Each structure stands twice: as structure tokens, then as C-alpha cells.
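As a plain string of letters, each chain reads:
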Amino acid sequence: MRRPSLLLLLLLLRHGARGKPSPEASPHGQARVHHQAPLSEATHDDAHGNFQYDHEAFLGRDVAKEFDQLSPEESQARLGRIVDRMDRAGDGDGWVSLAELRAWIAHTQQRHIRDSVSAAWHTYDTDGDGRVGWEELRNATYGYYAPGEEFHDVEDAETYKKMLARDERRFRVADQDGDLVATREELTAFLHPEEFPHMRDIVVAETLEDLDRNKDGYIQVDEYIADLYSPEAGEEEPAWVQTEREQFRDFRDLNHDGRLDGSEVGHWVLPPAQDQPLVEANHLLHESDTDKDGRLSKAEILGNWNMFVGSQATNYGEDLTRHHDEL
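Residues numbered from 1 in each chain as written. Predicted model: local features only at pLDDT ≥ 70, side-chain atom pairs only at ≥ 80, totals over all residues. Heavy atoms only, no water.

Labelled according to an unreviewed UniProt entry, the chain appears under the name EF-hand domain-containing protein, originating from Pipistrellus nathusii. The heading Sequence similarities (unreviewed entry) in the UniProt record of the chain holds the text "Belongs to the CREC family." (UniProt positions renumbered as here; feature names shortened; annotations may be inferred.)

Here is the structure:
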């Protein structure tokens, strides 16, 4: 049997005692809040022929940077292959619908997440069968123990047991077909639950468990503050802590009953966001749909190739050879 892995020790540090935040830090609980990243930091300025925003939204930021290395002919050729892939990922009817375009943009924007999962995949898929069973993940993270001997050889065994139970609960939610074996998509949901709507409740539940010290099912203002700040003996409370109390009162506690329930916690840590991929997909479709039939042909997309990819570059030559499960 092995002691818990380094990964688990890092998890413990992440969940353990927090140091006092510096005055310069932004002490607004942002580590718990999952804001949707913008599709691009560039200005959306199509009116002046600046399509950088569209390029980064359609290709992803890192990929868009490489497009500058391609000739217009190669850019258009690769765009044509992307169009074929978008259609194949949908209904394969020879047209790119709004839904297919939106799915592609969402797919490209999540590439960094997929890459991080790919980098960790072999750590978890220990038998190399292309899937990750719960026992594989448990043993890779916590070490192997015979039944009934879990954590008998480590200090604070109860903390480890609670973390193990919590991970198993999250794994079962991510495992949508209930076979206790995760596909790459299901493992991604386990590792990045904030990115998946069906994982929303587990993110809320874990946040409540972390902060609800008196276990009444709610987060009181003092519990909220305790997650951000641990006073030292004789120390005067910093001004930012009072600001956080006001944030709790005015913006977190939506029904003003002095505490946060699950719905309010969800509104806080997973705030409602505009469907950015849908907005951009609508924009690209509107600008490229020359016959106004509500869908895009390959010719229409290539006819407006400058807005989609311009003269920038992509690694889709490599990307298109991979086998992806996400779409």
C-alpha cells in the first residue's frame, strides 16, 4: 500500500488553512467565482475591417496567433476543412447551422481545458484502455489501500476519508451513464465542473460544505468572511473586510435574510453569463449568410474567409488529425 500521492497533498494545501491576504490582493472571493472568460481581449471592431476578435473567437486565441504564418490560400484550405468538420460534428447535411457554429466556437474556447486533461490522462488511465474507472482515479490520487484499511497509516485520516467521499460523489455526477468509468468528456467534467451545466449543483454543494461551518445548510456572513480572512490576535479588521460584509449584504444575499442558500451560492460562484459563443455565432452567420436562409454553405463561409480566419494561422492541420470526443 502507498501513502497518498503528491497530487493529494497539493489538494490538501489548496483546501487547507489560508494565509492572511495582502492589502494589495483582491480579497473578493474570486478564487471561488467562476467568471466566463471573454472570447477575445481584442476590440470587436468589424466596422473598420479589424476582425481580430472574430478570428480569436472562431479559432481560439493560441491558434489564431499562428494564422499569420499561412498564405491566404492555405488559410482558406484549412478553413474549408474546418467547415467540413463542423458539419460532420452536427447533422452532416452539407450546411453549417447556427447550432453547429456555436458548438464549434465553444469547442475552440475550451481547448486549454481539453489540453490540461490530455496532459493528465495517463496519470489516471493506468490500464491504458482509454477510459478512467473510479478505482483508477482513486488509487492514482490517494494511493492503493485494501478494503477497510483506507488511510490507516496517515495522520488526520478522517480528513482524507471526507475528501475521498467528496471526490466519489463528484465522479458519480460527472459519470452520466452511471457505469463508474469516465470517458474523456466525463473526466473533464470531474476535473473542471464549473464548465458543465450538469455539474452546477455539485459546485454549489461543495462550496456550501467548505464555508458552512455550523452545518445548518446556509452560509452566514461570518462564515463568508472566515473564508477570506483569519484575524491575528489584537489585529484591527482591515477596511476591505467591511467592504466584503457590505458585498455580502447588498449583492450576495439576494433575499436579504442574512444568509446564503444554495440558489444564492450558485448565483455568486457561477454567476449568470451571456452565451458568448451563441452571440458570436449569430454575428458570423448574419455577416456571411448571403442568401439569408439562416444557414451557411461552405461557399458562403469561404467567401467571407477574412472574417473567420483572415491571414492568420492555425494548427488545425495537426488538430484535424486528432480524434476528439468533445464534439
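Asker: Describe the overall build of the chain, and please don't skip the residues or the numbers.
Answerer: Of the regular secondary structure elements, the chain holds 17 helices and four strands. The buried share of the chain, reckoned over its 327 residues, is 42%. Restricting the contact set of the chain to residue pairs at least 6 apart, pairs at least 24 apart contribute 65%. Carbon and sulfur atoms make up 50% of the accessible area of the chain, which totals about 17,400 Å². (Helix = DSSP H or I, 4+ residues; strand = E, 2+ residues; numbered from the N terminus. Buried < 20%, exposed > 50% of the residue type's maximum accessible area, 1.4 Å probe, protein only. Contact = heavy atoms within 4.5 Å. Areas by Shrake-Rupley, 256 points an atom, 1.4 Å probe, with all protein chains shown as cover.)

Asker: Please provide a residue-by-residue account of the pattern of salt bridges, values included.
Answerer: One pass over the full model with this rule turns up 20 salt bridges. A salt bridge links glutamate 158 to lysine 161; its shortest N-O distance comes to 3.7 Å. Within this pair, glutamate 158 and its partner lysine 161 are both found in helix α8 (residues 157-174), separated by three residues, close to a single helical turn. According to the relative accessible area criterion, glutamate 158 is partly exposed, its value standing at 49%. For the salt bridge of arginine 166 with glutamate 206, the shortest nitrogen-to-oxygen distance reads 3.9 Å. With arginine 166 in helix α8 and glutamate 206 in helix α10 (residues 200-211), the pair connects residues that are 40 residues apart, well separated along the chain. A residue is classified by how much of its surface remains accessible, and arginine 166, at 17% relative accessible area, is buried. Within this structure, Arg32, Arg166, Arg169, Arg170, Glu206, Glu209, Asp210 and Asp227 form a network of salt bridges that share partners. (Salt bridge = Lys/Arg side-chain N within 4 Å of Asp/Glu carboxyl O.)

Asker: How would you sum up the environment of asparagine 282? Please name residues and give values.
Answerer: Secondary-structure assignment places asparagine 282 in helix α14 (residues 276-288). Residue asparagine 282 is classed as partly exposed on the basis of its relative accessible area of 38%.

Asker: Give a detailed account of the packing of aromatic side chains, specifying residues and quantitative values.
Answerer: Overall, the coordinates contain 10 aromatic pairs when judged by the stated rule. Between the aromatic rings of tryptophan 134 and phenylalanine 171, the centroid separation amounts to 5.4 Å while the plane-to-plane angle is 50°, which identifies the pairing as tilted. Of this pair, tryptophan 134 sits in helix α7 (residues 134-142) while phenylalanine 171 sits in helix α8, and the two are 37 residues apart along the sequence. Considering the side-chain rings of tyrosine 229 and tryptophan 240, the 5.8 Å spacing of their centres and the 85° angle between planes classify their relative orientation as edge-to-face. Note that tyrosine 229 is positioned in the loop between α11 (221-226) and α12 (239-252) and tryptophan 240 in helix α12, a separation of 11 residues in sequence. Put simply, the rings of Tyr142, Tyr145, Phe151 and Tyr160 touch in pairs and so form one group of aromatic residues. When the ring centre of tryptophan 121 is taken as reference, the NZ or CZ atom of arginine 184 above it lies at 4.4 Å. Above the ring of tyrosine 218, the side-chain terminus of arginine 259 is found at 3.5 Å from the ring centroid. (Phe/Tyr/Trp six-rings, centres within 6.5 Å; stacked < 30°, edge-to-face > 60°. Lys NZ or Arg CZ within 6 Å of the ring centre and 35° of its normal.)

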